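# Inside the fold
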Amino acid sequence: MDIYLPIANLSVNALVIVLLGAGVGLLSGMFGVGGGFLTTPLLIFYGIPPTVAAASAATQVTGASVSGALAHYRRGGVDLRMGAVLVVGGIFGAIAGSTIFKLLQAGGQIDTVIAVLYVVLLGSIGSLMAKEAWTSVRAARRGVALPPSKRRHHPLVAALPMRWRFYASGLYISPLAPLLLGFATGILTVLLGVGGGFIMVPAMLYLLGMATRVVVGTSLFQILFVTAVTTMVHALTTHAVDIVLAALLLLGSVVGAQVGARLAQKFRPDYLRLLLAIIVLLVAIRMAVGLGFRPDEIFSVQQQ
């Protein structure tokens, strides 16, 4: 069944979009990630313009984050003070990101910048995830226990002034660190349509040194508010949010996430992380290859 997307200005198969959302939701449920970092590239592969794909994916991530954030909050897995600082940074980052988005869009470079950023981020993060997961899998096969990693914040974070106590996270650090982290994530949310969880979670663990039990919940809390602000920013400034596309994606992701959560219980975490790393690297390679291909028909569209 074909359906017309008014903002993307093209017709798509509604079932394909729903299945794409379900696939991303399946990965979200299995691996505990927002899935936005895969939604945008997959939409681009399907033929959706990168600007519309990024803006609409942020809308879909907002809806998908609600249930996860509430579930973690009920279990006491959200550091509200840390989350509030991250949200403030993310809101300012989203505003700054919208300015960058408009400048790149006016210069005709936004599509290329989105693709390059995805290749760099997915390639680097996927490589780190693959290395860590493969080390864990190999150690498990040999029956060797890996030494437990110590939880500590980065020396640069420790050097920042004006420390606050974040009791739920077990930290005594400057709020400038999570504020800057939220700001950077807000910019990426606008440019790439991602929730930022695949960057936020490792940064919380290895830069801020947060307690593991509150990392995912606090990340989802931040993602919920920042992607909501990003959606409004896109709707008011870039006008790139296609609500029909976002609704179809959300419909599929809600169902896929439930199935993925059940499947995750049947696999070992090390193998799940390794599988996710492989998927991330494959997407990065596909986007890198796409950057090097010359299209059969070269044309440009100029806005009046």
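These remarks concern the structure in this document.

About the criteria used
Residues numbered from 1 in each chain as written. Predicted model: local features only at pLDDT ≥ 70, side-chain atom pairs only at ≥ 80, totals over all residues. Heavy atoms only, no water. Phe/Tyr/Trp six-rings, centres within 6.5 Å; stacked < 30°, edge-to-face > 60°. Buried < 20%, exposed > 50% of the residue type's maximum accessible area, 1.4 Å probe, protein only. Lys NZ or Arg CZ within 6 Å of the ring centre and 35° of its normal. Axes fitted to C-alpha atoms, helices over the stretch in contact; angles between N-to-C directions. Helix = DSSP H or I, 4+ residues; strand = E, 2+ residues; numbered from the N terminus. Parallel < 35°, antiparallel > 145°, perpendicular 65-115°, else oblique. Left-handed = near helix turned anticlockwise from the far one by under 90°. Nonpolar A, V, L, I, M, F, W, Y, C, P; charged D, E, K, R; others polar. Contact = heavy atoms within 4.5 Å. Polar contact = N/O pair within 3.5 Å; in protein donor to acceptor, adjacent residues only side chain to side chain. Expected span 1.5 Å × (residues − 1).

The subject of this paragraph is the packing of aromatic side chains. Following the criterion strictly, the structure yields two aromatic pairs and no others. Ring plane angle 40° and centroid distance 6.3 Å describe the contact between Trp-164 and Phe-166, whose orientation is recorded as tilted. We classify Trp-164 as partly exposed; its relative accessible area is 32%. Phe-166 gets classed as buried once you look at its relative accessible area, which sits at 0%. The ring of Phe-166 carries Arg-81 above its face, with NZ or CZ at 5.9 Å from the centroid.

Now for the packing of helix 4 (residues 80–106) against helix 7 (residues 176–192). Their axes nearest at 6 Å, the elements helix 4 and helix 7 cross at an angle of 40°. In this view, helix 4 runs oblique relative to helix 7, as classed from their interaxial angle. The handedness of the crossing between helix 4 and helix 7 is right-handed. Split into classes, the residues belonging to the contact of helix 4 with helix 7 amount to 16 nonpolar, seven polar and no charged.

Now for the packing of helix 7 against helix 9 (residues 212–238). To characterise two packed helices, one gives the angle between the axes of the helices and the distance between these axes. At a closest axis distance of 10 Å, the pairing of helix 7 and helix 9 adopts a crossing angle of 45°. In this view, helix 7 runs oblique relative to helix 9, as classed from their interaxial angle. By crossing handedness, the relation of helix 7 to helix 9 is classed as right-handed. Counting all contacts with helix 7, which are made through Gly-182, Thr-185, Gly-186, Thr-189 and Val-190, the residues of helix 9 involved are Gln-222, Val-226, Thr-227, Thr-230 and His-234. When the residues that make up the contact of helix 7 with helix 9 are grouped by side-chain class, the tally is two nonpolar, eight polar and no charged.

Let's shift gears to the side chain of Asp-242. Here Asp-242 is to be found in the loop between helix 9 and helix 10 (243–264). In terms of polar contacts, Asp-242 uses its side chain to reach the backbone amide nitrogen of Val-244, at 3.2 Å. Once residues lying within four places of it in the same chain are set aside, the contact partners of Asp-242 are Leu-5, Pro-6, Ile-7, Ala-8, Val-52 and Ser-56.

The terminal C-alpha atoms of helix 4 lie 38 Å apart, and with 27 residues this matches the ideal 39 Å at 1.5 Å per residue to within 8%. For helix 4, the full list of buried residues reads Met-82, Gly-83, Val-85, Leu-86, Val-87, Gly-89, Gly-90, Gly-93, Ala-94, Gly-97, Ser-98 and Phe-101.

Between its first and last C-alpha, helix 5 (residues 110–142) extends 47 Å over 33 residues, near the 48 Å set by a 1.5 Å rise per residue. Backbone geometry just downstream of helix 5 places Gly-143 in the positive-phi region, at approximately 75°.

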